[in-house]
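Inside the fold
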There are 2 protein chains.
Amino acid sequence: MKQPTGGLVERLKDNGLKLTPQRHLICQLIETLPGHPTAEDLYEQATAVMPSMSLKTVYSTLYELAGMGAIRLVNVGTGGFRVESHLEPHAHLVCRSCGQVTDVPVDPVADADLSVLEQFDFVVEQREVIFRGLCRECGLRLSGEGSGS
Amino acid sequence: MKQPTGGLVERLKDNGLKLTPQRHLICQLIETLPGHPTAEDLYEQATAVMPSMSLKTVYSTLYELAGMGAIRLVNVGTGGFRVESHLEPHAHLVCRSCGQVTDVPVDPVADADLSVLEQFDFVVEQREVIFRGLCRECGLRLSGEGSGS
DNA sequence: TGGTAACAAACAATCGTTGTAAACTAGGTG
DNA sequence: CACCTAGTTTACAACGATTGTTTGTTACCA
Ligand SMILES: [Mn+2]
Ligand SMILES: [Mn+2]
Ligand SMILES: [Zn+2]
Ligand SMILES: [Zn+2]
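Below you will find a few notes about this structure. (Residues numbered from 1 in each chain as written. Chains lettered and ligands numbered in written order. Predicted model: local features only at pLDDT ≥ 70, side-chain atom pairs only at ≥ 80, totals over all residues. Heavy atoms only, no water.)

Some points on the overall build of chain A
When helices and strands are counted, chain A shows five helices and five strands. Seen in sequence order, chain A has helices and strands lined up from the N terminus as α-α-α-α-β-β-β-β-β-α. Over its C-alpha atoms chain A spans a radius of gyration of 18 Å, topping by over 25% the 15 Å that the globule rule assigns to 149 residues. The principal-axis extent of the C-alpha atoms belonging to chain A is close to 55 × 50 × 25 Å. Here chain A, with 149 residues, has 39% of them falling under the buried criterion. When contacts within chain A are restricted to residue pairs at least 6 apart in sequence, long-range pairs at least 24 apart make up 46% of them. Summed over all atoms, the accessible surface of chain A reaches about 8,200 Å², with 51% contributed by carbon and sulfur. (Helix = DSSP H or I, 4+ residues; strand = E, 2+ residues; numbered from the N terminus. Rg over C-alpha atoms; globule rule 2.2 N^0.38 Å. Buried < 20%, exposed > 50% of the residue type's maximum accessible area, 1.4 Å probe, protein only. Contact = heavy atoms within 4.5 Å. Areas by Shrake-Rupley, 256 points an atom, 1.4 Å probe, with all protein chains shown as cover.)

Overview of the protein's contact with DNA strand C
Around DNA strand C, 15 residues are found, and the nearest of them are A:Tyr59, A:Tyr63, A:Phe81, B:Thr20 and B:Thr57. One nitrogen or oxygen atom from the side chain of B:Thr20 is found 2.4 Å from a phosphate oxygen belonging to DNA strand C. Take B:Ser54: an N or O atom from its main chain is 3.1 Å from a phosphate oxygen of DNA strand C. Among the secondary structure elements, those contributing two or more residues to the surface near DNA strand C are α4 (55-67) of chain A together with α2 (21-32) of chain B. Considering every element that reaches the surface near DNA strand C, the biggest residue donor is α4(A), with four residues. Of the residues contributing to the surface near DNA strand C, the split by class is six nonpolar, six polar and three charged. (Near = heavy atom within 4 Å. Polar contact = N/O pair within 3.5 Å; in protein donor to acceptor, adjacent residues only side chain to side chain. Nonpolar A, V, L, I, M, F, W, Y, C, P; charged D, E, K, R; others polar.)

Considering the interface of chain B and chain A
The interface is formed by 34 residues belonging to chain B together with 34 residues belonging to chain A. Counting the surface lost from both chain B and chain A, the interface buries some 3,000 Å², and carbon and sulfur atoms represent 66% of this. By the criterion of area lost to chain A, the three top residues of chain B are B:Phe122, B:Phe131 and B:Arg132, representing 22% of everything that side buries. The interface formed by chain B and chain A holds six salt bridges in total. One salt bridge in this structure joins A:Arg132 and B:Glu128, with 2.8 Å as the shortest N-O distance. If you list the elements that add at least two residues to the side of chain B that touches chain A, you get β3 (91-95), β4 (101-104) and β5 (123-134) of chain B. (Buried area = accessible area lost by both parts, 1.4 Å probe. Salt bridge = Lys/Arg side-chain N within 4 Å of Asp/Glu carboxyl O.)

Quick notes on the pairing of β3(B)
Residues and elements named next belong to chain B. Where burial is concerned, most of β3 is hidden: five out of the five residues are buried. Neither face of β3 is exposed, since Ala-91, Leu-93 and Cys-95 on one face and His-92 and Val-94 on the opposite face are all buried. Pairing between β3 and β4: four bridges, direction antiparallel. Note on β4: the bridge partner recorded for Leu-93 is Thr-102. Here β3 hands over to β4 after five residues, with Gly-99 in that stretch at a positive phi of 80 degrees. Relative to β5, β3 runs parallel, the two sharing four bridges. Looking across to β5, one finds that Val-94 is bridged to Arg-132. (Pairing = 2+ DSSP bridges.)

Here's the deal with the pattern of salt bridges
Evaluated as defined, the whole model comprises 12 salt bridges over all chains. In this structure, A:Arg127 and A:Asp107 form a salt bridge, with 2.8 Å as the shortest nitrogen-oxygen distance. Within this pair, whereas A:Arg127 is found in strand β5 (residues 123-134), its partner A:Asp107 is found in the loop between β4 (101-104) and β5, the two being separated by 20 residues in sequence. With relative accessibility at 14%, the residue A:Asp107 sits in the buried group. With a shortest N-O distance of 3.2 Å, B:Arg136 and B:Glu137 are connected by a salt bridge. We classify B:Glu137 as partly exposed; its relative accessible area is 43%. Several salt bridges converge on common partners, so that one network encompasses A:Asp121, B:Arg136 and B:Glu137.

Okay, structure coming up:
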C-alpha cells in the first residue's frame, strides 16, 4: 500500500536497470541528503566520493528514477528542478528571498471541492501546492535592514 | 477593491515610469493576448508591429510590471515563465504532454484549514495550485495511439 | 545648446539542461 | 582466453531562457 521511500536501489533493479556504482551512489545520496536537493547539489556530493561522476549521469539517473515513480522532480521556480523523495501529497513553502523549500506535511487541497474540474475534460494525475513568501530568517533580516540607518 | 486588469498603462505612469512606445505596445499585447503568454510569445507579437523591439526590453518591462504588482510571472514547469494577468486567486491545469495552461477560476485552497502553517514562522504572501495531467486532446491522442496496430 | 537621466538596442555571457559521440564494462560465445 | 555486444558513463558541444554590459537614443530642462 505504501512503497518504501528507502528502496531506490531495489526499484532500479526491479525495473531492469543495472546497479552501477554511479547509480548506487546517487540513490544513497538522495536517501541521505535532507530537503530537496538540486541536480547540482547531488553532483557536488557525488564528485566528493567519486570524482569521475558526470553531471549528465546525475540527470540521467534522476530521470530514470522519476520515470519509474521512485522520486518526483519538482520545479518551484528557483531555477532548476529539485528532487522530491517524499511521495505522499504535501505542500511546499518557498522563500522568495533565499529560495529555501520546506515541506508542509499536509495536502491543503485534500478535502476541497474539486467538482469544477469536471467541465474541463482534464485527467488530473497529480497536484502541487506552493506557498510563497518569506521564511523566518529572511523576514527578520529584511525588516531589520529596512528600519536601520 | 478590485484593480482593473485593463489598466497596465496607467499603472506604469502611476509608478513614475515613462510611457514609451515599447512599454505601451507590451501592455497592449498583455491585455489582448489570450492565455498565459511567454516572454518569447510577446516578443514575437511585438516585433511584428515594432521590428526593433529587443527581447531584453520585453523582459525588463515584464519585471517592471510584476514589481508593481500589475501582473504576475508564473512558472508552471514548461520552461520559462508565463505572464499571468488574472490576479484573482485561481488554479491552473497544466498538460504534461502539450504544456497547455488553463485557468480554473476557483482557489481550491480558499477554505482549507491552514493552521498548520503557523508553526513555520513563514509569512505567506501568495499561493499557487497546479493540477498536472492530460488535457482532453492529449488524452484522446495518447490512448488512441496506444491501442492501434 | 549642451547636460543629464531614463531608457532601449545590440550582443556577449550565464545557467540549467540536453545531444552526441567516444570510451568503458559485464556477460555471453567460440 | 579473445572477441562481441548491449548497456552505461564520460567528455564536451550545443541548446533555450534569461541576464549583464556597453553603447546609442530620447525626452526634458538649465
Ligand atoms: Mn517536499
Ligand atoms: Mn492563470
Ligand atoms: Zn528565506
Ligand atoms: Zn495537452
